[in-house]
Amino acid sequence: MHRRESSPRLNASLLFLLLFFLLIPVFGQAAKIEEVILPNGLKVILLEEHKAPVVTFQVWYKVGSRNEITGKTGLSHLLEHMMFKGTPKYGKGEFSRIVAKNGGTENAFTGNDYTAYFENFASDRIELSLELESDRMQNLIIDPKEFQLEAEVVKEERRTRTEDDPYSFLIEKLYAIAFLVHPYRSPVIGWMSDLDHLTRDDAFDYYQRYYQPNNATIVVVGDFNTKTLLPKIKAAFEKIPKGPEPPKYIPPEPPQLGERRTVVKREAQLPFVFATFHTPNYKSPDTYALKVLSNILSSGKSSRLYRGLVYQQQIALDAGGHYDGLTADPELFYVYATARPQVSPEEIEEALTDEISRLQTEPVSNQELQKAKNQIEAEFILGSDSNFYRAMRIGTAETVGAGHEYVTRFVDNIRKVTAQDVLRVARKYLVEDQRSVGTLLPPSADEEAEAAESPAPDEPAKESR
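Residues numbered from 1 in each chain as written. Predicted model: local features only at pLDDT ≥ 70, side-chain atom pairs only at ≥ 80, totals over all residues. Heavy atoms only, no water.

## Some points on the sheet that holds strand β3 (residues 54–61)
If you trace the six strands from one edge of the open sheet to the other, you get β1-β2-β6-β3-β5-β4, paired in mixed fashion. Among the strands making up the open sheet, the edge pair consists of β1 (34–37) and β4 (105–110). Across the sheet, the mean angle separating the axes of adjacent strands is 15° when strand polarity is ignored. Pairing between β3 and strand β6 (residues 216–222): seven bridges, direction antiparallel. When the sheet's bridge partners are listed, F57 is paired in β6 with V220. Where helix α2 (residues 75–82) meets the sheet, its contacts fall on β4 and β5 (115–122), and the angle it forms with β4 comes to roughly 165°. Of the strands in this sheet, β3, β5 and β6 touch helix α4 (residues 126–138), which is tilted by about 155° from β5. (Pairing = 2+ DSSP bridges. Helix = DSSP H or I, 4+ residues; strand = E, 2+ residues; numbered from the N terminus. Axes fitted to C-alpha atoms, helices over the stretch in contact; angles between N-to-C directions. Contact = heavy atoms within 4.5 Å.)

This is the structure:
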């Protein structure tokens, strides 16, 4: 969003129109999506895009932190690391070496709802993905020593990204109180106490349970011929036997019946306030109005929060927020702000609340509404210029259960949102009883002095709730 506002001479509407006309030929070439389900349950989605001789190949498994049980958090992400440790046919590190030798790039990512693997190649190298991904879908070796080494890598990753980052630490705590039952309460990287006790057998059992063709989707976008590629995909993957159906039950989050709060005191320069609200996912038609509402409130430096708190009142160094309805289960709508020096977190929270109250009492203007829609549509079209991000959208939509049709209809549904829709969802969802508020407080001078006099701990702080 910030990139689109990098040129102050272009207003949002003009920028959108420029992008639209520049990119409409690309968008218009969005040939029909070919969807095939193989006899073993593996779904294959193919989208030809011939503007450049490149292709992205992605495998999406329907397993993420959402599927983890108490005491085993972090398993999805740790298994993602192990997927690069080799099979009997391609040993440790060989996967990455083959991809690099052929001029490709590869990586993986884990989220609440999925774990995905990808390779980006020149078009004439796509068959390498078929060979390598079909091999590790069924033949992964999880060596106990390699597992322990990788577990230490992940724990260090957690220390760096969460435990040594007071902002991430607070957000993690806030999710843990906003969700009491649903596994979205746990971080994707896992709690440190769980990472300490995960075993090689935990990972192998998890691999056998969830890495099955009937729990995966292949997405290919780029310069290929469907009639030529599809038979090769079938030849590589159809031979993998269908596995048992993975467990489907995820405990639903009960309704929140009152505001929840948490305070974290960590070494930080300034106070930080982070507030969340329970909101629906893609299954509700309100998701499009919430997306527009989120853009009006918190997307970019021309949003209401940034203009109000940073430019006009000058009480915050930054302010923002986010909502994404494309999740398997209902997630959170959030806003945040970092206080300027000498500004209290109470002032910041009051200012955040005031901006939300405005949206609940006054319909947004037609100009502001259209600007938000233009921003969302322009972002969508820009994303369509990349094979990788188009495949990511399709893979995400398929894996959370929305289907690739969600992507096809997204822009049309955003265009239908009215000012009254924005007013209605603001009143319905951004309410105090659905709110959880987290506050990061830098320690006082007395607390810092006391901490300095205390003996150093023997080891890094353990995660606790």
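## Considerations on the pairing of β6
When you tally the buried positions in β6, you get seven out of seven residues, the bulk of the element. Burial along β6 is two-sided: the face carrying A216, I218, V220 and G222 and the face carrying T217, V219 and V221 are both buried. Taken together, the six bridges between strand β2 (residues 43–48) and β6 define a ladder with parallel strand orientation. Bridge assignment links I45 to a residue of β6, and that residue is V219. (Buried < 20%, exposed > 50% of the residue type's maximum accessible area, 1.4 Å probe, protein only.)

## Here's the deal with the packing of helix α10 (residues 286–298) against helix α15 (residues 404–415)
Taken N-terminus to C-terminus, the directions of α10 and α15 make an angle of 65°; their axes are 10 Å apart at the nearest point. The element α10 and its partner α15 pack so that their crossing is right-handed. The residues of α15 that touch α10, namely those facing Y288, K291 and V292, are Y406, F410, N413 and I414. Residues that form the contact of α10 with α15 fall into these classes: five nonpolar, one polar and one charged. (Left-handed = near helix turned anticlockwise from the far one by under 90°. Nonpolar A, V, L, I, M, F, W, Y, C, P; charged D, E, K, R; others polar.)

## Some details on the domain arrangement of the chain
Each assigned domain of the chain is listed here: domain 1 (33–238) and domain 2 (260–448). When each unit is reduced to the centre of its C-alpha atoms, the spacing between domain 1 and domain 2 is 28 Å. Domain 1 puts 40 residues into the contact, and the matching count from domain 2 is 40 residues. Of the roughly 3,400 Å² buried between domain 1 and domain 2 on both sides combined, carbon and sulfur atoms contribute 66%. Of all residues in domain 1, Y167, L170 and L174 give up the largest surface area on contact with domain 2, accounting jointly for 18% of the area buried on that side. Linking domain 1 with domain 2 are four salt bridges, by the criterion used here. Residues R66 and D329 are paired through a salt bridge, measuring 2.5 Å at the closest nitrogen-oxygen approach. Applying the counting rule to domain 1 against domain 2 returns 15 residue pairs in polar contact (both at pLDDT 80 or more). (Domains from an automatic or database assignment. Buried area = accessible area lost by both parts, 1.4 Å probe. Salt bridge = Lys/Arg side-chain N within 4 Å of Asp/Glu carboxyl O. Polar contact = N/O pair within 3.5 Å; in protein donor to acceptor, adjacent residues only side chain to side chain.)

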